[in-house]
Amino acid sequence: MYDASLWQPSADMVTLQKRAQLFSTIRDFFSARNVMEVDTPCLSLASITDPHIEVLTSHTHSLGKALTYYLQTSPEYAMKRLLCAGSGSIYQLGKVFRAEEIGRRHSIEFTMLEWYRVGFDHWQLMDEVEQLLASVLPLDNLQCERLSYQDAFLRHLELDPFTASLSQLQECAHKHTEYGRQEEDRDTLLELIFSTVVEPAIGQQSPCFIHDYPTTQAALAKIYQDEKGQSVAARFELYWQGMELANGYHELTDAQEQQQRFDEDKHARQDLGLVDRQFDERLISALHAGLPECAGVALGVDRLLMLLCEQKHIDAVISFAHQRA
């Protein structure tokens, strides 16, 4: 039976006022740094290749031709095309979409802040993320912890994610989750262990940056040598009070390497029996034209607002959550 109360917003007016103020503060932050706001399409004829993220699609016809549009999971590809066209440092504050299970911290439609800083590496971008947090959080002398992916595992599990054998990872995953003994993929096991054991233990007192991920988890980040001489991804994620808030890279600029990673993702999707997607050839063309050295990061605005408002469910900070949309 239809619930007549569903016309009402899921967030109260005090929270929506805080949401508006957060947006205003974010825009002031970037305006003061001469970072240009951009607005890229939500729909695209191409999509991401990541086998771990599912997308929403829209099917239509134009001039007798069937077309599939993908709702964007991030404005990343379009923003990188702008960077290649000479935009300079840019940011975008807008809606993105992911076909994942709706839950306390997940909605299929959510607000993302994404920005790219020309001439920055991921270390400098971590500094700026911290500066942004300091501008919006009611905390004195905010200081974020920085911990390498390897050291996080060693601290909380006494397990080295780079040298542990497959059987050690399987046993560790099974010990903490009762799953994993049949899993053959190292990254799947590492992600299961990290999300179950490490993630709940970090960033409780202050936000925590996890950096220097395994190269197999580089996504669109550069690869470099850390101080121990091991190859790692120039990537970071930010965690606070049990939530992942941001994901950033020292961006990969090599078009051939990016093409290879797209191909590897495509094969991984095939092996998993997932639907094939049209990857973004325009991004590859743009990278061939030249992406400037830069670092980029995406931050979940709704999750940040949850922390600011001390809310436990994402619905409480969105004007009309999924069942009211």
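Cut-offs and rules
Residues numbered from 1 in each chain as written. Predicted model: local features only at pLDDT ≥ 70, side-chain atom pairs only at ≥ 80, totals over all residues. Heavy atoms only, no water. Helix = DSSP H or I, 4+ residues; strand = E, 2+ residues; numbered from the N terminus. Polar contact = N/O pair within 3.5 Å; in protein donor to acceptor, adjacent residues only side chain to side chain. Contact = heavy atoms within 4.5 Å. Buried < 20%, exposed > 50% of the residue type's maximum accessible area, 1.4 Å probe, protein only. Pairing = 2+ DSSP bridges. Salt bridge = Lys/Arg side-chain N within 4 Å of Asp/Glu carboxyl O.

Just checking my understanding: could you explain the side chain of Thr-49 for this structure?
As for its placement among the helices and strands, Thr-49 is situated in the loop between strand 2 (43–44) and strand 3 (57–62). A polar contact is formed between the side chain of Thr-49 and the side chain of Asp-265, at a distance of 2.8 Å. With sequence-adjacent residues up to four places away left out, Thr-49 is seen in contact with Tyr-77, Phe-262, Asp-265, Arg-269, Arg-277 and Phe-279.

Sorry if this is basic, but what is going on with the pairing of strand 5 (residues 90–97) here?
Look at any regular strand and the pattern is simple: side chains alternate between the two faces of the sheet. Most of strand 5 sits out of view: 7 of its 8 residues are buried. Direction of pairing for strand 1 (residues 36–37) relative to strand 5: parallel, over a ladder of 2 bridges. Its bridge partner lying in strand 5, Glu-37 is registered against Tyr-91. Here strand 5 runs beside strand 6 (residues 109–118); their pairing, made up of 8 bridges, is antiparallel. Directly across from Ile-90, in strand 6, lies its bridge partner Tyr-116.

Before we go on, may I ask you to explain the pattern of salt bridges in this structure?
Opposite charge on two side chains allows them to pair when their charged atoms are near. Scanning all chains against the criterion turns up 15 salt bridges. In this structure, the salt-bridge partner of Glu-76 is Lys-80, at a minimum N-O distance of 3.0 Å. Placement of the pair is Glu-76 and Lys-80 together in helix 2 (residues 76–84), with a separation of 4 residues, close to one helical turn. Looking at Glu-76, the relative accessible area reads 12%, which means it is buried. With a shortest N-O distance of 3.8 Å, Lys-228 and Asp-151 are connected by a salt bridge. Linking Lys-228 in the loop between strand 9 (223–225) and strand 10 (231–240) with Asp-151 in helix 4 (residues 149–157), this pair joins segments that are 77 residues apart in sequence. Each of Arg-33, Arg-117 and Glu-128 takes part in a single network of salt bridges with overlapping partners.

Would you explain the environment of Phe-29 in this entry?
Tracing the sequence through the fold places Phe-29 in helix 1 (residues 13–32). Counting along the chain gives 45 residues from Phe-29 to Ser-74, while the straight-line C-alpha distance between them is 21 Å. Those residues in contact with Phe-29 that lie beyond four places of it in its chain are Glu-128, Gln-131, Leu-132 and Ser-135.

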